Amino acid sequence: ETERPDQLPALVAGTFEGVMASETPEAVAGAPGAGFELLRVLLFRKFLGMSDTNGRNMLVSGLGPAPSHGLSVSGGGVHILSVDENPASASQLAATSGVSLITAQAIHSSLTDAARCAIASDPKAAADFIRRLRGLSLPSEVTVGGRLWGVHAAAPFDDATLAVLDSGGPGVASLAARLVSAPRAKGKRKRGC
């Protein structure tokens, strides 16, 4: 708990050696397991109403040789740490209230495509992670004044989204594209996974 009103408590973790996802987006996107790691970070940040989600606020390890110390990645592979987690203002939350997980600046298309492909290839895993988020008991500093009620009641955290993901049917590809599209995007990108 924090002694300062309206401030988030801090969580301090061990050393994490990594690079910003924005520095090498293609290498990150092409790493085994990166798509689902990206998806989890994007879902987490949206669920908690974090501002400034972009490739500079995601640190990536596991792209090269394992570090000799610091946070270990169980089972190997890529690991993504979300950093600079500050609450979005009411106006920021309203501006990004749609289905899109992109809540600030654009994220490199190779990264969003990796997250989209993760949803399309394993929609049940995406649904399971959303259910885990919905089951969290968030500290009052995060939910103060009901600031996240609208976020949690809408896609991608609503029952309709879970039904599409659980079905594994043809609606999954369209949902996946909407989840990683820029808010208010007009065009459609069609890329294979």
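Preceding block: the structure.
Analysis parameters
Residues numbered from 1 in each chain as written. Predicted model: local features only at pLDDT ≥ 70, side-chain atom pairs only at ≥ 80, totals over all residues. Heavy atoms only, no water. Helix = DSSP H or I, 4+ residues; strand = E, 2+ residues; numbered from the N terminus. Buried < 20%, exposed > 50% of the residue type's maximum accessible area, 1.4 Å probe, protein only. Arc of directions from axis to C-beta. Contact = heavy atoms within 4.5 Å. Axes fitted to C-alpha atoms, helices over the stretch in contact; angles between N-to-C directions. Parallel < 35°, antiparallel > 145°, perpendicular 65-115°, else oblique. Nonpolar A, V, L, I, M, F, W, Y, C, P; charged D, E, K, R; others polar. Expected span 1.5 Å × (residues − 1). Disulfide = S-S within 2.5 Å. Salt bridge = Lys/Arg side-chain N within 4 Å of Asp/Glu carboxyl O.

K.L.:
What is the right way to read unusual backbone geometry from this model?
P.N.:
Looking along the chain, the bond that leaves A155 and enters P156 is cis, with omega of 10°. As for its placement among the helices and strands, P156 is situated in the loop between α7 (149–153) and α8 (159–167). Of note, the phi angle at D84 is positive, near 55°, even though the residue is not glycine. One can find D84 in the loop between β3 (79–82) and α3 (90–95). We classify D84 as partly exposed; its relative accessible area is 38%.

K.L.:
Is there a simple way to think about helix α9 (residues 171–180) in this case?
P.N.:
An α-helical turn contains 3.6 residues, so any two residues separated by three or four positions project in the same direction. Every buried residue of α9 is accounted for by V172, L175, A176, L179 and V180. Down the axis of α9, the buried side of the element spans an arc of 120°, and every buried residue falls inside it. On the buried face of α9, the contacting elements are α4 (109–121), α5 (123–134) and α8.

K.L.:
Honestly, the packing of helix α2 (residues 34–47) against α4 in this entry has me stumped. Any pointers?
P.N.:
Each pair of packed helices can be described by the angle between their axes along with the distance between the axes. Close contact between α2 and α4 brings their axes to 7 Å; oriented N to C, the two are set at 95°. Taken together, α2 and α4 sit at an angle that is classed as roughly perpendicular. Counting all contacts with α2, which are made through G35, F36, L38, L39 and L42, the residues of α4 involved are L111, A114, A115, A118 and I119. When its residues are assigned to classes, the contact of α2 with α4 shows nine nonpolar, one polar and no charged.

K.L.:
In this structure, what is going on with α2? I would like to understand it.
P.N.:
Taking 1.5 Å per residue as the helical rise, α2 with its 14 residues ought to reach 20 Å, and the 20 Å between its terminal C-alpha atoms agrees with that figure. The complete set of buried residues in α2 reads A34, G35, E37, L38, L39, V41, L42, L43, R45, K46 and F47. In this structure, the buried residues of α2 make contact with α1 (25–30), β2 (58–61), β3, α4, α5 and α7. Among the residues trailing α2, G49 stands out with phi positive, at a value near 65°.

K.L.:
What should I look at first to understand the state of the cysteines in this one?
P.N.:
Here, disulfide denotes a covalent bond that connects the sulfur atoms of two cysteines. Here the structure, examined in full by the defined rule, presents one disulfide. With a sulfur-sulfur separation of 2.3 Å, C117 is cross-linked through a disulfide to C193. Here the disulfide of C117 and C193 is left-handed, its torsion about the S-S bond being about -90°. Here C117, found in helix α4, pairs with C193, found in the segment after α9; they are 76 residues apart in sequence, far enough to count as distant. Relative accessible area serves as the criterion here: at 65%, C193 is assigned to the exposed category.

K.L.:
Please clarify how the side chain of E37 should be interpreted in this entry.
P.N.:
Here E37 lies in helix α2. Given the relative accessible area of 11%, E37 is considered buried. Each residue touching E37, except ones within four places of it in the same chain, is listed here: V78, H79 and I80.

K.L.:
Can you help me understand the pattern of salt bridges in this one?
P.N.:
Opposite charge on two side chains allows them to pair when their charged atoms are near. Tallying each qualifying case throughout the model produces five salt bridges. Between R40 and E37 there is a salt bridge, with its nearest N and O atoms 3.4 Å apart. With R40 and E37 both in helix α2 and three residues apart, this pair spans about one turn of that helix. With relative accessibility at 28%, the residue R40 sits in the partly exposed group. A salt bridge links R131 to D128; its shortest N-O distance comes to 4.0 Å. Within this pair, R131 and its partner D128 are both found in helix α5, separated by three residues, close to a single helical turn. We classify R131 as partly exposed; its relative accessible area is 37%. Of the residues examined, D128 reaches a relative accessible area of 44% and is grouped as partly exposed. Each of D128, R131 and D166 takes part in salt bridges that share partners, so that together they form one network.

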